[in-house]
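Fold and contact review
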Amino acid sequence: MKNNDKNMIIMIQSASGKRRHAIWAAVSTLFAVAQFRMIMLIIGQDYGASINAALGVVRGLPHWRVYQSRVLGPWMVEALSPFFNDFTSAHVFYTIALTAIAGWLVLALTRRRFGDPASWGAFLLFHLLFIFLLNKPWLYAWDHSGIIIFILFIYFVLSEKDWRWFTALFSVAIFNRESAFYIALWMVLDPTIKAMLDRARPRLAMPLAGLLCLGLGLEVVDQLRERLLVREIGPDLFNMPDMAGKSFHNQWDLNLAFLRQITTHFSLSFEILIPLFLLAVLGLATVLAWRDPRRYLGLALTYGVVVASMFVAAALQETRVMLELVPFLAMGVWALRKEA
C-alpha cells in the first residue's frame, strides 16, 4: 500500500474517531441534564441540604467529623465558584459536568474493551441504575466523583493495568471518600490470589503498593479530619449528641432493623429492591470469579467486602451509598458476556 493511501486511511480513521467522541459528548451531556432533572424531581428541595453539606466541608463545618476528609468534590465545587454566581450554581454545574464525564467514560472505556454494542448497553444501564438509586434526602458531591473513580477502577482491572495506575487512582480517591481503601484492598488480594492459583511467588510491586496505600491513606484521612475540622454541626443539627467526635458510624443496628422490616412486612415498595440490587452485585461477582478465577476472584472478593461493609458503615436506606457499585454492574456484565 502506498504511503498516500496509508495517510488517507489514518485521516479517515482520525476524523471518524473525532466524530464519534463528539457524538458521545453530546449524548452524555444530554443524559446528564436529564439526570439532574430527575434529581430535582426525586430529591427536590432536599438537594439544597446536600449542597450545604459540601460547603460545610470546605469551611471545616461538616455534618460529621468523618465527612471532613471527603474534600475532593467540595473543593472542586469551590474552585468553580468564582466562575458562577455562588457555590450553589457551581455545585449544579459540577453535578451535571461529572455525570456527563461519567457517561462519556462508560461509553469510551467499554467500547475499548468490548466494542460498540456493549458501550451503548453499558451507558444505558449506567443511567438506569443511577436513576434507580436516587432517593431522598441526600446526594453528596463525593458521590458524583466516586462514580468516576470506580469507572476507572473497573476499567483498570479489566485492562490489567500495572500497580502505577492503581496507585495514582488511589492517590486521588483517598481525598474523595474512604471507599478508596477498596482499591488498595484489591491491589493486595489480586496478585496474592493469582500467585496461589499459579503456585508461584507473587509479584511484589502491586501488593506492596497496596499496603503502602492502605497505611498512608489512613494517615491522610486522619490528618484531614484533624487539621481541617473546625466543628462538626451534625450533633446539634440533627439532635444526635451521642454521635459527636466519632471516627466511625456503626450502622449495623439501623440496617438490621431495616432488613427486618422489609422482610417481615413485605410490600411491593422501593425498599424491597435494595437487597435485590446488592444480590445482583454479589451474583455478578460470583459468576465472574467462577468462570475465570485467576482474573476475577480478587475483584469478586473485593466487592464482597464492599457489600458486607455497607451493612456496618452505611445506611442502606440512603441508596446513594451504592452509586459506586454502578460501574461494576454496568461494565462488568459485558465482561461476563465475554467470558461466556
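The text that follows walks through the structure, step by step, so that each part is easy to find. (Residues numbered from 1 in each chain as written. Predicted model: local features only at pLDDT ≥ 70, side-chain atom pairs only at ≥ 80, totals over all residues. Heavy atoms only, no water.)

Here we look at the overall build of the protein
So the rule is basically this: By the criteria applied, helices consist of DSSP H or I runs no shorter than four residues and strands consist of E runs no shorter than two, each listed in order from the N terminus. Between the two quantities, the radius of gyration covers C-alpha atoms and the globule rule is 2.2 Å times the number of residues to the power 0.38. The protein chains shown are the only cover counted for residues, whose accessible areas, like all others here, come from Shrake-Rupley with a 1.4 Å probe. When charges are counted, neither His nor the chain ends are considered; positive counts come from Lys and Arg and negative counts from Asp and Glu. Where a charge sits is defined by one atom per residue type, namely NZ (Lys), CZ (Arg), CG (Asp) or CD (Glu).
Of the regular secondary structure elements, the protein holds 14 helices and 0 strands. Each helix and strand of the protein, ordered N terminal to C terminal, gives the series α-α-α-α-α-α-α-α-α-α-α-α-α-α. In terms of C-alpha radius of gyration, the protein reaches 21 Å, essentially the compact-globule figure of 20 Å for 340 residues. Projected onto its principal axes, the C-alpha positions of the protein cover 75 × 55 × 45 Å. By element, 64% of the accessible surface of the protein is carried by carbon and sulfur atoms, the whole surface being about 16900 Å². Of the charged side chains in the protein, 31 are positive and 23 negative; the average position of the first set lies 11 Å away from that of the second.

Digging into the nonpolar core
As a reminder, the rule being used: By nonpolar core we mean a set of buried residues, namely Ala, Val, Leu, Ile, Met, Phe, Trp, Tyr and Cys, connected to one another through side-chain atoms within 4.5 Å. To sort residues, take the accessible area from a 1.4 Å probe on protein chains only and compare it with the maximum for the residue type: under 20% means buried, over 50% means exposed, and anything in between is partly exposed. Residue contacts are counted whenever heavy atoms from the two residues lie within 4.5 Å of one another.
The biggest cluster of nonpolar side chains holds 91 residues, and the ones touching the most others in it are Phe-153, Phe-277, Tyr-303 and Met-322. Top element by residues in this core is helix H4 (residues 87-114). It accounts for 13 residues. Excluding residues within four positions of it along the chain, Tyr-303 makes contact with Phe-150, Phe-153, Ile-154, Val-281, Leu-282, Glu-324, Leu-325 and Phe-328. Formed by 11 residues, the second largest nonpolar core is a distinct cluster that contains Val-66, Tyr-140, Trp-142 and Leu-224.

Some remarks on the layout of surface pockets
Counted only if it meets this: Only protein atoms enter the 1 Å grid, on which a cavity is a set of points fitting a 1.4 Å probe that cannot get out and a pocket is an open set with protein on both sides within 12 Å along at least 5 of 7 lines, lining residues being those with an atom within 4 Å of a point. Grid points are joined across faces, edges and corners, and a volume is the space filled by probe spheres set on the points. Gly is put with the polar residues, along with every residue not named as nonpolar or charged; the nonpolar set is Ala, Val, Leu, Ile, Met, Phe, Trp, Tyr, Cys and Pro, and the charged set is Asp, Glu, Lys and Arg.
One number sums up the size of the largest pocket: a volume of about 950 Å³. Lining the largest pocket are 36 residues, with Val-66, Arg-70, His-249, Ala-313 and Ala-314 positioned closest to its centre. Considering each element in turn, the lining of the largest pocket owes the most residues, 5 residues, to helix H13 (residues 293-313). By residue class, the composition of the lining of the largest pocket is 23 nonpolar, 6 polar and 7 charged.

Examining the packing of helix H6 (residues 141-159) against helix H7 (residues 163-173)
The condition is simple: Lines are fitted to the C-alpha atoms to define the axes, a helix being fitted only along its stretch in contact, and any angle between axes, read from their N-to-C directions, falls within 0 to 180 degrees. Angles below 35 degrees are treated as roughly parallel, those above 145 as roughly antiparallel, those between 65 and 115 as roughly perpendicular, and all remaining angles as oblique.
Where H6 contacts H7, the two axes come as close as 11 Å, and the packing angle between them is 170°. The orientation of H6 relative to H7 falls into the category roughly antiparallel. Mapping the contact onto sequence places Ile-149, Leu-152, Phe-153, Phe-156 and Val-157 in H6 and Trp-165, Phe-166, Leu-169 and Ala-173 in H7. Among the residues making up the contact of H6 with H7, the classes are represented as 9 nonpolar, no polar and no charged.

Here we look at the side chain of Arg-320
Note the following rule: Nitrogen and oxygen atoms within 3.5 Å of one another constitute a polar contact, given that in protein one can donate a hydrogen and the other can accept it, and given that sequence-neighbouring residues count only through two side-chain atoms.
As for its position among the elements, Arg-320 is in the loop between H13 and helix H14 (326-339). The class for Arg-320 is buried, based on a relative accessible area of 6%. Among the polar contacts made by the side chain of Arg-320, one reaches the side chain of Asp-143 at a distance of 3.0 Å. Among residues more than four places away in sequence, those in contact with Arg-320 are Tyr-67, Leu-133, Trp-138, Leu-139, Tyr-140, Trp-142 and Asp-143.

Notes on the packing of aromatic side chains
Applied cut-off: In this scheme Phe, Tyr and Trp rings, the latter by its six-membered ring, pair at centre separations within 6.5 Å, and the angle between planes marks the pair as stacked below 30 degrees, edge-to-face above 60, and tilted otherwise.
In the structure shown here, the tally under the stated rule is 21 aromatic pairs. Ring centres of Phe-153 and Phe-166 lie 6.1 Å apart, and the angle between their planes is 80°; on these two criteria the pair is classed as edge-to-face. Taken as a pair, Phe-153 in helix H6 and Phe-166 in helix H7 lie far apart in primary sequence, 13 residues in all. Taken as a pair, Phe-153 and Phe-166 share a single burial class, namely buried. Arranged with centres 5.7 Å apart and planes meeting at 85°, the rings of Phe-156 and Phe-166 form a pair that is edge-to-face. Of the two residues, Phe-156 is situated in helix H6 and Phe-166 in helix H7; the sequence distance between them amounts to 10 residues.

Digging into a nonpolar patch on the surface
Stated formally: Patches here are clusters of residues that have more than 30% relative accessible area and form no salt bridge, with a 9 Å joining cutoff for like charges and a 5 Å cutoff for nonpolar side chains (Val, Leu, Ile, Met, Phe, Trp, Tyr). A pair is scored as a salt bridge if a Lys or Arg side-chain nitrogen falls within 4 Å of a carboxyl oxygen belonging to Asp or Glu.
On the surface, Phe-248, Trp-252, Leu-256 and Val-312 cluster together into a nonpolar patch covering about 340 Å² of accessible area. Within the secondary structure layout, Trp-252 lies in helix H11 (residues 252-264). By relative accessible area, which is 40% here, Trp-252 ends up partly exposed.

Some details on unusual backbone geometry
In this chain, Lys-136 is followed by Pro-137 through a cis amide linkage whose omega measures 0°. Mapped onto the elements, Pro-137 comes out in the loop between helix H5 (116-132) and H6. Phi angles above zero are rare outside glycine, and Arg-199 is one such case at about 55°. Here Arg-199 lies in the loop between helix H8 (180-198) and helix H9 (205-228).

Keep in mind these numbers describe shape, not what the thing actually does.
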